[in-house]
Amino acid sequence: MTSRRRLAVVMDPIADIKYAKDSTLAMLLAAAARGFEIWYLEQADLSLRDGVARGRARALTVRADPVNWFTFGETRDLPLGEFACILMRKDPPFDTEYIYTTYILERAELAGALVVNRPRGLRDMNEKVYTAWFPECCAPTLITRDMAGMGAFLAEHGRIVAKPLYGMGGRSIFVVEAGDKNANVVFETLTDYGTRFAIVQRYLPEIATSGDSRVLLVDGVPLPYALARIPGAHDHRGNLAAGATGKGRPLTDRDRWLAGQIGPKLAAEGMLFVGLDVIGGFVTEINVTSPTGIRELDKQFGLDIGAVLMDAIERRL
């Protein structure tokens, strides 16, 4: 039987997180404040036996302490379907191991656990490819293996962004201009000589001044502020992991329109915590795996986004 006050988290090693920036910790602190009993798992702790999802879980206590933010308690082998909620917060890469993890978590979901975000959605909604479901919200985009097609797209738009479909944190993102003699090398690298799909998008110059803004949605509803990630003077990437500076700003009417187009559909599919990456009024990615930005917005605007998410989870429960 599902315990309504027992919550599990699947994440990367909690000892290695950055206390001041980690969104998962913000969620766990909010869950603890609501009286949830918290259990901790990593991917290696999960298993599937005769159709039953199980986990070697450790009792977890979290604290708002930048030096000593967690303590482990007892370890137990538990059926994952007995948890009221499971937070799936394992960071990409979105590889086959990640996919196998979603199968295990889907069995937990079928046994009664609320998994946030929903495992099937994590499989179906690739963060770059899923923008194709909302073309009216996006700048011109091409996903292809065809290097000649990429070259034609570059000639059409003059300046483009090229990136792999599986990356995160600004890894392997290239800005390419027409006439760049390295263009073919970039296309060869990203597609592995035409054997892998990659994505190219029209370059949006607003990133240099307004940044790459993360608009967070909780159960389909946007929070009132976005986190604009401004690239450094010597970089083009609006990623905090790549050295960008995070500056909060109120949502614009365009942000709200984009959220209104995308948010309700994702909420209906069980995606309770989502981040839209917005540059120049266009969505470039739809982040569903482990969106971040909570701690920065909480600090700048006195919010408690973790509590907003817990409200949504408790409504679902």
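See above for the structure.
Residues numbered from 1 in each chain as written. Predicted model: local features only at pLDDT ≥ 70, side-chain atom pairs only at ≥ 80, totals over all residues. Heavy atoms only, no water.

**Observations concerning the layout of surface pockets**
Point 1. Of the voids in this model, the second largest pocket is the one considered here, and its volume is about 200 Å³.
Point 2. If you go around the second largest pocket, you meet 10 residues; those closest to its centre are Ala20, Lys21, Glu296, Lys299 and Gln300.
Point 3. Sorting the residues of the lining of the second largest pocket by element identifies strand 14 (245–250) and helix 8 (294–301) as the ones contributing at least two each.
Point 4. Here the lining of the second largest pocket takes 4 residues from helix 8, the largest share from any one element.
Point 5. Classifying every residue of the lining of the second largest pocket gives 3 nonpolar, 3 polar and 4 charged. (1 Å grid on protein atoms, 1.4 Å probe; cavity = no way out; pocket = protein on both sides within 12 Å on 5 of 7 lines; lining within 4 Å. Points joined across faces, edges and corners; volume = space filled by probe spheres on them. Helix = DSSP H or I, 4+ residues; strand = E, 2+ residues; numbered from the N terminus. Nonpolar A, V, L, I, M, F, W, Y, C, P; charged D, E, K, R; others polar.)

**Brief notes about the nonpolar core**
Point 1. Judged by nonpolar contacts, the single largest core of 40 residues is most densely connected at Leu80, Ile86, Leu266 and Ile286.
Point 2. In contact with leucine 80, not counting residues within four places along its chain, are Leu41, Leu46, Ala53, Arg54, Gly55, Ile86, Ile104, Leu105, Ala108 and Ala113.
Point 3. Judged by nonpolar contacts, the second largest core, of 36 residues, contains Val9, Leu28, Phe70 and Leu297. (Core = buried A, V, L, I, M, F, W, Y, C linked by side-chain atoms within 4.5 Å. Buried < 20%, exposed > 50% of the residue type's maximum accessible area, 1.4 Å probe, protein only. Contact = heavy atoms within 4.5 Å.)

**Here's the deal with the sheet that holds strand 11 (residues 198–202)**
Point 1. Taken in spatial order, the 4 strands make up an open sheet running 8-11-9-10, and their pairing is antiparallel. Each end of this open sheet is capped by a strand with a single partner; those strands are strand 8 (141–144) and strand 10 (174–177). Within the sheet, the average angular offset between the axes of one strand and its neighbour, ignoring direction, is 25°.
Point 2. Here strand 8 pairs with strand 11 via 4 bridges, running antiparallel. Bridge pairing in strand 11 links threonine 141 to glutamine 201.
Point 3. Packing of helix 5 (residues 183–191) onto the sheet brings it into contact with strand 8, strand 9 (159–164), strand 10 and strand 11, and relative to strand 9 it is tilted by some 25°. (Pairing = 2+ DSSP bridges. Axes fitted to C-alpha atoms, helices over the stretch in contact; angles between N-to-C directions.)

**Observations concerning the environment of phenylalanine 174**
Point 1. Mapped onto the elements, phenylalanine 174 comes out in strand 10.
Point 2. The partly exposed category is assigned to phenylalanine 174, whose relative accessible area is 29%.
Point 3. Separated by 104 residues in the primary sequence, phenylalanine 174 and phenylalanine 70 have C-alpha atoms spaced 38 Å apart.

**Overview of the packing of aromatic side chains**
Point 1. This structure, assessed with the given rule, holds 8 aromatic pairs.
Point 2. A ring pair is formed by tyrosine 19 and tryptophan 69, whose centres lie 5.9 Å apart and whose planes are at 40°; its orientation type is tilted. Of this pair, tyrosine 19 sits in the loop between strand 1 (3–11) and helix 1 (23–33) while tryptophan 69 is found in the loop between strand 4 (52–62) and strand 5 (70–79), placing the two residues 50 residues apart along the sequence. Tryptophan 69 matches tyrosine 19 in its accessibility class, with the two residues each being buried.
Point 3. Residues phenylalanine 70 and phenylalanine 72 carry aromatic rings whose centres are separated by 5.1 Å and whose planes lie at 65° to one another, so their mutual orientation is edge-to-face.
Point 4. For phenylalanine 72, a relative accessible area of 31% translates into the label partly exposed.
Point 5. Put simply, the rings of Tyr19, Tyr40, Trp69, Phe70 and Phe72 pair up and form one aromatic cluster.
Point 6. The ring centre of phenylalanine 72 lies 4.3 Å from the NZ or CZ of arginine 58, which sits over that ring. (Phe/Tyr/Trp six-rings, centres within 6.5 Å; stacked < 30°, edge-to-face > 60°. Lys NZ or Arg CZ within 6 Å of the ring centre and 35° of its normal.)

**Observations regarding the packing of helix 1 against helix 9 (residues 305–316)**
Point 1. Across the interface, helix 1 lies against helix 9 with an axial gap of 8 Å and an inter-helix angle of 60°. Judged by the angle between their axes, helix 1 and helix 9 are oblique. Between helix 1 and helix 9 lies a crossing of right-handed hand. From helix 1, Ala26, Met27, Ala30 and Ala31 reach across to helix 9, where they touch Gly306, Ala307, Leu309 and Met310. (Parallel < 35°, antiparallel > 145°, perpendicular 65-115°, else oblique. Left-handed = near helix turned anticlockwise from the far one by under 90°.)

**Overview of the sheet that holds strand 13 (residues 221–230)**
Point 1. Taken in spatial order, the 5 strands line up as 14-13-12-15-16 in an open sheet, and their pairing is antiparallel. Each edge of the sheet is formed by a strand with only one pairing partner; in this case those strands are strand 14 and strand 16 (282–287). The sheet shows a mean angle of 30° between the axes of neighbouring strands, taken without regard to direction.
Point 2. Docked against the sheet, helix 9 engages strand 12 (212–218), strand 13 and strand 15 (273–279), running at close to 35° with respect to strand 12.

**Topic: empty space enclosed by the protein**
Point 1. Under the defined criterion, the tally for this structure stands at 2 cavities of 30 Å³ or more.
Point 2. Taken as a whole, the largest cavity spans an internal volume of roughly 100 Å³.
Point 3. Along the walls of the largest cavity sit Pro92, Phe94, Leu122, Met125, Asn126, Glu127, Lys128, Leu165, Tyr166, Gly167, Val288 and Thr289, which together make up its complete lining.
Point 4. Taken as a whole, the second largest cavity encloses approximately 50 Å³ of empty space.
Point 5. At 3 residues, strand 6 (residues 83–89) tops the list of elements feeding residues into the lining of the second largest cavity.

**Overview of the pattern of salt bridges**
Point 1. Counted according to the given criterion, the structure contains 21 salt bridges.
Point 2. Between glutamate 314 and arginine 34 there is a salt bridge, with the nearest N and O atoms lying 2.9 Å from each other. Here arginine 34 lies in the loop between helix 1 and strand 2 (37–41) and glutamate 314 lies in helix 9, a separation of 280 residues in the sequence.
Point 3. Two residues, glutamate 106 and arginine 120, come together in a salt bridge whose shortest N-O distance is 2.9 Å. A residue pair is termed long-range when its members are at least 10 positions apart, and glutamate 106 in helix 2 (residues 96–110) and arginine 120 in helix 3 (residues 119–124) qualify at 14 residues.
Point 4. On the accessibility criterion, glutamate 106 (11% relative accessible area) is buried.
Point 5. Connected through shared salt-bridge partners, Arg5, Arg34, Asp311 and Glu314 make up one network. (Salt bridge = Lys/Arg side-chain N within 4 Å of Asp/Glu carboxyl O.)

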